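# Architecture and fold: a report
Chain residues, written in single-letter form:
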Amino acid sequence: NLTIRRLNNIIKSGLNYSFPKFSIATFPVLVKIDIIPLCSLKCPVCIHSKFKINYLLKNQVFHSKQRMSLQLYQKIIQEIRSFSSAVSLYYLGDPYMHPQVDEMCKIASKAGLNVHLSTHFSYKFSDSRIENILNGGVTHLSIAIDGVRQENYEITRIGGRIDWVLSNLKRLIRLKERYKLRYPLIEVQYLKYEQDRKSTRLNSSHTDISRMPSSA
């Protein structure tokens, strides 16, 4: 979806980066929008951790009323659609905590923008929800796994279920291949922690991610 305006904006943005100025007139090439600050997990190294290491984090409270409204989101997309190239719809929270995230992806896609989401994917999604994700306009989906056995996974992904993650991932890839879709590009992020060192190979009761069909 590269237009003349977007290409011009990319070139000018590159020049602004190489030769910094006090003020610039270009739009961001990629716009990061935190549509919701909530997450269903309590990972130790995250702001949502149950281990609050200082008083600032202890006093930090997130609630559903802080999620972005569809009206405000549409306004942002209208403002950037002619010049920016992509949106990334997460920051403090997991984007799938927002009940309208699929619709938000479609709005950005229809505006000609690439859409990136990053998620822990630990949800009990139905087959129909997986299809909505697949056809919703996401161009790049990053899925954090960090372990393939529940006893290891839950150490860092507190509150998550690896069987849900793998089930969602397998069905997503299977449907993408069935429909011969180019997008979304599916990126699996696996951080190898100390507890995973003895599990370099997945046992037969788990899906071998390394043998999953290519989705890039």
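Because the structure is a prediction, the values reported are computed rather than measured. (Residues numbered from 1 in each chain as written. Predicted model: local features only at pLDDT ≥ 70, side-chain atom pairs only at ≥ 80, totals over all residues. Heavy atoms only, no water.)

### Description of the overall build of the chain
- Secondary structure assignment for the chain yields seven helices and five strands.
- The linear arrangement of helices and strands in the chain, starting from the amino end, is α-β-α-α-β-α-β-α-β-α-α-β.
- Expressed as a percentage of contacts within the chain between residues at least 6 apart in sequence, the contacts between residues at least 24 apart total 74%.
- Total accessible area computed for the chain in this model is approximately 12800 Å², and 55% of it derives from carbon and sulfur atoms. (Helix = DSSP H or I, 4+ residues; strand = E, 2+ residues; numbered from the N terminus. Contact = heavy atoms within 4.5 Å. Areas by Shrake-Rupley, 256 points an atom, 1.4 Å probe, with all protein chains shown as cover.)

### A word on the confidence of the model for the chain
- A residue-level look at the chain finds 85% of positions with pLDDT of 70 or above and a mean pLDDT of 87.
- By mean pLDDT, the top-scoring element of the chain is strand β3 (residues 114–119) (98), and the lowest-scoring one is helix α2 (residues 55–58) (66).
- Confidence drops under pLDDT 50 across residues 202–208; counting only partners more than four residues distant or on other chains, this segment forms 10 contacts.
- Across residues 210–216 the pLDDT falls below 50, and counting only partners more than four positions away or on other chains, this stretch makes 12 contacts in the model. (pLDDT = per-residue confidence, 0-100.)

### A short note on helix α3 (residues 70–80)
- Buried residues of α3: L70, Y73, I76, I77 and I80, and no others. Angular distribution of buried residues about the axis of α3 spans 120°; they occupy a single face of the element. In α3, the exposed positions that point more than 90 degrees away from the buried face belong to Q71 and Q78.
- Among the structural elements, β1 (30–32), β2 (86–88) and α4 (101–110) are those in contact with the buried residues of α3. (Buried < 20%, exposed > 50% of the residue type's maximum accessible area, 1.4 Å probe, protein only. Arc of directions from axis to C-beta.)

### Here we look at the pattern of salt bridges
- This model, assessed by the stated rule, comprises five salt bridges.
- Here D102 ties to R129 by a salt bridge, and the two come within 2.8 Å at their closest N and O atoms. Here the residue D102 occupies a position in helix α4, and R129 occupies one in helix α5 (residues 127–134), the gap between them amounting to 27 residues.
- For D102, a relative accessible area of 16% corresponds to the buried category.
- Put simply, D163 and R161 hold a salt bridge, and the shortest N to O gap is 2.7 Å. (Salt bridge = Lys/Arg side-chain N within 4 Å of Asp/Glu carboxyl O.)

### Side note on the packing of aromatic side chains
- Throughout the structure, instances matching the rule amount to five aromatic pairs.
- Taken together, a centroid distance of 5.8 Å and an interplanar angle of 70° make the contact between F121 and F125 edge-to-face.
- By relative accessible area, F121 is classed as buried at 0%.
- Judged by relative accessible area, F125 falls into the buried class, the value being 10%.
- Three or more aromatic residues joined by ring pairs form one cluster here, namely Y96, F121, Y123 and F125.
- Seen from the ring of Y90, K32 lies directly overhead, with NZ or CZ sitting 3.6 Å from the centre. (Phe/Tyr/Trp six-rings, centres within 6.5 Å; stacked < 30°, edge-to-face > 60°. Lys NZ or Arg CZ within 6 Å of the ring centre and 35° of its normal.)

### A look at the sheet that holds β3
- In spatial order, the strands read β1-β2-β3-β4-β5; together these five strands make up an open sheet with parallel pairing. Of all the strands in the sheet, the pair left with one neighbour each is β1 and β5 (185–189). Across this sheet, the average inter-strand angle for adjacent strands is 15°, counted without regard to direction.
- In this sheet, strand β4 (residues 140–144) lies alongside β3 in parallel orientation, the contact comprising four bridges. Residue pairing in the sheet places T119 in a bridge with I143 of β4. (Pairing = 2+ DSSP bridges. Axes fitted to C-alpha atoms, helices over the stretch in contact; angles between N-to-C directions.)

### Description of the packing of α5 against helix α7 (residues 162–178)
- In contact at an axis separation of 10 Å, α5 and α7 are set at 60° when each is read in the N-to-C sense. Between α5 and α7, the crossing angle belongs to the class labelled oblique. Seen from above, α5 lies across α7 with right-handed handedness. Of α7, the residues touching α5 (which contributes D127, I130, E131, I133 and L134) are N168, R171, L172, L175 and K176.
- Tallied by class, residues from the contact of α5 with α7 come to five nonpolar, one polar and four charged. (Parallel < 35°, antiparallel > 145°, perpendicular 65-115°, else oblique. Left-handed = near helix turned anticlockwise from the far one by under 90°. Nonpolar A, V, L, I, M, F, W, Y, C, P; charged D, E, K, R; others polar.)

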